[in-house]
Amino acid sequence: MLKKSSFILTFVVSLAILAGSALAAPPIKIGGLFAVTGPASFLGEPERNTAQMVVNEINAAGGVKGRKLELIAYDTQGDATKAVQAANRLIKEDKVVAIIGPSTTGDTMAVIPVVEKAKIPMISCAAGSKITEPVKKWIFKTAQNDGLAVARIYGDLKRKNISKVAILTVSDGFGSSGREQLKAQARAYGIQIVSDDTYGPKDTDMTAQLTKIKGSGAQAVICWGTNPGPAVVSRNAKQLGLKLPLYMSHGVSSKKFIGLAGDAAEGILLPSGRVIVADLLSNSDRQKKSLLAFVKDYQKHYKAEGDHFGGHAWDAIMLLKGAIERGGDNPAAIRDQLERTRGFAGIGGVFSYSPSDHAGLTKDAFVLVEIRKQDFALVK
């Protein structure tokens, strides 16, 4: 009897030690690079907020395979040099197993050589097609490609029998990538670009470019950029009495753009992820449940609407969670499992990565929306 009791006591103590070891397991460190301040803060702030919100919720539910996640996030301020410095710090000092972000195409392109050399998987929250085209072994993205956004805009123009357009793009990484796609896809949709102009990220007046467009014979205008430039374009167009249909890129897919543009936002069209019109979607939409839950969750935590940009970080964290659950927390295993992800219904769309596709989305990831009475309406 004494031997049996000793065995039971030893077994219970062993279980307690094992349980204690599991609880004491070090967290899985994930790096974040977000433009929380600076001109691109409308991207980076909701991304950082969402990433931390989702990590906290995963940890509250028991973590990933019994281990907590730790998000170590740095503010890049939308500055490529700062982004590179922060990426090096995450890799060399913080020892992260993966990175989400950066928020912008320019920051992402600057960081890519750093993470590729270190062999750390990175899921960018930026939209430029060149981030994953051509495919880079360690680089993935959650923001919908600008090439898909162009296809959605051009498809609408073709439906309306509009063939002559003016393009006005910002002179940064996002703008140049969009401009490349606008020019590359024009012929396939029967589109003639009759005016091709640019503006600087810090420009405060685009009257000269819009005056030129007014006399170009264009039937519609496509502005490609992120806030605040497109809002300036909208206001200047209204001041000039420009009556042409005005399309924006998905780079302004949030209520902040409407706030900046004011009454000049009325009637503007743009491609967007479904999150900003989640309540208007059909109940059969595969994403609707996740979208509504995300919007409600973000509102609860931050007293603001969850948007298109925060959704990029939601997707990135959840994609990493799935990869770690399936393959462990080794960077190479995470990379391999990300590449094997199929049919993940997230905020930005339904993701299916592959060795030849690290963007993972199709043009169905976008819907076309119109701004009506200071809100977004779904164009059907």
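What you are looking at is a predicted structure, and each value in this text was computed from that prediction instead of being measured. Counting starts from 1 at the beginning of each chain's written sequence and moves along it residue by residue. Residues qualify for local features only when their pLDDT is at least 70, as the model is predicted, and side-chain atom pairs are given and counted only at 80 or more; totals for whole chains, interfaces and linings, by contrast, use all residues. Side-chain calculation: all heavy atoms of the structure are included, whereas hydrogens and water are not.

### Brief notes about the pairing of strand β6 (residues 164-170)
Remark: exposure states derive from per-residue accessible area (1.4 Å probe, protein chains only) relative to the maximum for the residue type, with buried under 20%, exposed over 50%, and partly exposed in between. Secondary structure elements follow DSSP: runs of H or I no shorter than four residues count as helices, runs of E no shorter than two count as strands, and numbering proceeds from the N terminus. Among the 7 residues in β6, 6 count as buried, and that is most of the element. Note: β6 against strand β7 (residues 192-199), 7 bridges, orientation parallel. Each bridged residue has a counterpart across the sheet, and for Thr 169 the counterpart in β7 is Thr 198. Here a crossover is taken to be right-handed if, once the strands point away from the viewer, the path from the first strand over the helix to the second is traced clockwise. The parallel pair β6 and β7, bridged by helix α6 (residues 173-185), forms a crossover whose chirality is right-handed. The rule for pairing is simple: two strands pair if DSSP sees at least two bridges between them. Across 5 bridges, the pairing between β6 and strand β8 (residues 220-224) is parallel. Residue Thr 169 lies in a different strand from β8, and its bridge partner there is Trp 224.

### Details of unusual backbone geometry
The omega angle of the peptide bond from Glu 133 to Pro 134 is 0°, so this bond is cis rather than trans. Here Pro 134 is to be found in the loop between β4 (122-124) and β5 (139-141). Between Asn 227 and the following residue, Pro 228, the backbone shows a cis peptide bond with an omega angle of 10°. Within the element layout of this structure, Pro 228 appears in the loop between β8 and α8 (229-240). Non-glycine residue Lys 95 carries a positive phi angle of around 60°. Secondary-structure assignment places Lys 95 in the loop between α3 (80-92) and β3 (98-100). Phi is positive for Lys 373, which is not a glycine, with a value near 55°. The exposure class assigned to Lys 373 is exposed, which follows from its relative accessible area of 76%.

### Some words on the side chain of Asp 156
Inspection of the secondary structure assignment puts Asp 156 in helix α5 (residues 146-159). In the analysis that follows, any N or O atom pair within 3.5 Å is treated as a polar contact, provided that within protein one partner can donate a hydrogen and the other can accept it, and provided that, for residues neighboring in sequence, both atoms belong to side chains. Engagement of the side chain of Asp 156 in a polar contact is seen with the side chain of Tyr 247, the distance being 2.6 Å. Residue contacts are counted whenever heavy atoms from the two residues lie within 4.5 Å of one another. If we ignore the near neighbours within four places in the chain, the residues touching Asp 156 are Tyr 247 and Leu 368.

### Side note on the sheet that holds strand β1 (residues 28-34)
The 5 strands lie next to each other as β2-β1-β3-β4-β5, forming an open sheet whose pairing is parallel. With one partner strand each, in any of the chains shown, β2 (69-75) and β5 form the two edges of the open sheet. Direction aside, the axes of adjacent strands within the sheet are offset by 25° on average. Relative to β4, β3 runs parallel, the two sharing 2 bridges. Across the sheet, Ile 99 pairs through a bridge with Met 122, a residue of β4. Lines fitted to C-alpha atoms define the axes here, with helix axes fitted over just the stretch in contact, and angles between the N-to-C directions of these axes take values from 0 to 180 degrees. Sheet strands touched by helix α2 (residues 41-60): β1, β2 and β3. Its angle to β2, the strand with the most contacts, is close to 170°. Its contacts with the sheet put α3 on β1, β2 and β3, and the angle it makes with β1 is roughly 175°.

### Observations concerning the packing of helix α7 (residues 207-214) against α8
In the contact formed by α7 and α8, the axes pass within 10 Å of each other and the chain directions differ by 55°. Comparing their axes, α8 and α7 come out oblique. You can see that α7 and α8 cross each other, and the crossing is right-handed. Touching Thr 207, Leu 210, Thr 211 and Lys 214 of α7 are Val 233, Asn 236, Ala 237 and Leu 240, all from α8. Class assignment for the residues of the contact of α7 with α8 results in 4 nonpolar, 3 polar and 1 charged. Geometric relationships in this document are graded by angle, where less than 35 degrees denotes roughly parallel, more than 145 denotes roughly antiparallel, 65 to 115 denotes roughly perpendicular, and other angles denote oblique. Throughout, a crossing is termed right-handed when the near helix is turned clockwise from the far one, and left-handed when it is turned anticlockwise from it by less than a right angle. Only Asp, Glu, Lys and Arg are considered charged, only Ala, Val, Leu, Ile, Met, Phe, Trp, Tyr, Cys and Pro nonpolar, and every remaining residue, Gly among them, polar.

### A few points about the packing of aromatic side chains
Any pair of Phe, Tyr and Trp rings, taking the six-membered ring for Trp, is counted once the centres come within 6.5 Å. Such a pair is stacked with planes under 30 degrees apart, edge-to-face with planes over 60 apart, and tilted for the rest. With the rule as written, the count across this model stands at 9 aromatic pairs. Ring centres 5.6 Å apart and planes at 85° place the aromatic pair Phe 42 and Phe 309 in the edge-to-face group. Of the two residues, Phe 42 sits in helix α2 while Phe 309 sits in helix α11 (residues 308-327), which places them 267 residues apart along the sequence. Under the relative-accessibility criterion, Phe 42 is labelled buried at 5%. With a centroid separation of 6.4 Å and 20° between ring planes, the pair formed by Trp 314 and Phe 344 is classed as stacked. Taken together, the residues Trp 314 in helix α11 and Phe 344 in strand β11 (residues 344-345) connect sequence positions 30 residues apart. When its relative accessible area of 15% is taken as the criterion, Trp 314 is described as buried. Of the aromatic side chains, those joined through ring pairs into one cluster are Phe 140, Trp 314, Phe 344, Phe 351 and Tyr 353.

### Quick word on the domain arrangement of the protein chain
Each domain's limits were defined by an automated method or a database of domain assignments. By the assigned domains, the protein chain splits into domain 1 (2-144 + 289-365) and domain 2 (147-272). Measuring from the centre of the C-alpha atoms in domain 1 to the corresponding centre in domain 2 gives 32 Å. By definition, the buried area sums, over both parts, the 1.4 Å-probe accessible area that each loses when the two are put together. Area buried by domain 1 at its contact with domain 2 is led by Phe 42, His 308 and Lys 363, which between them contribute 34% of it. Throughout this description, the term salt bridge denotes a Lys or Arg side-chain nitrogen within 4 Å of a carboxyl oxygen of Asp or Glu. Here domain 1 and domain 2 share 2 salt bridges between them. The closest approach of N and O atoms between Lys 255 and Glu 305, which form a salt bridge, is 3.2 Å. For the pair domain 1 and domain 2, the interface holds 5 residue pairs in polar contact (both at pLDDT 80 or more). Counting residues per element, the ones that place at least two in the side of domain 1 that touches domain 2 are α2 and α11.

### Some remarks on the nonpolar core
In terms of nonpolar packing, the biggest core is built from 93 residues, with Leu 157, Ile 222, Met 248 and Phe 257 touching the most fellow members. The dominant element in this core, judged by the number of residues it contributes, is α11, at 8 residues. Each of domain 1 (2-144 + 289-365) and domain 2 (147-272) contributes no fewer than three residues to this core. Residues in contact with Leu 157, not counting those within four places in the same chain, are Ile 162, Val 165, Ile 191, Ala 220, Ile 222 and Tyr 247. Leu 33, Val 114, Met 122 and Ala 126 belong to the second largest nonpolar core, which has 20 residues in total. Among buried residues, those of type Ala, Val, Leu, Ile, Met, Phe, Trp, Tyr and Cys that are joined through side-chain atoms within 4.5 Å constitute a nonpolar core.

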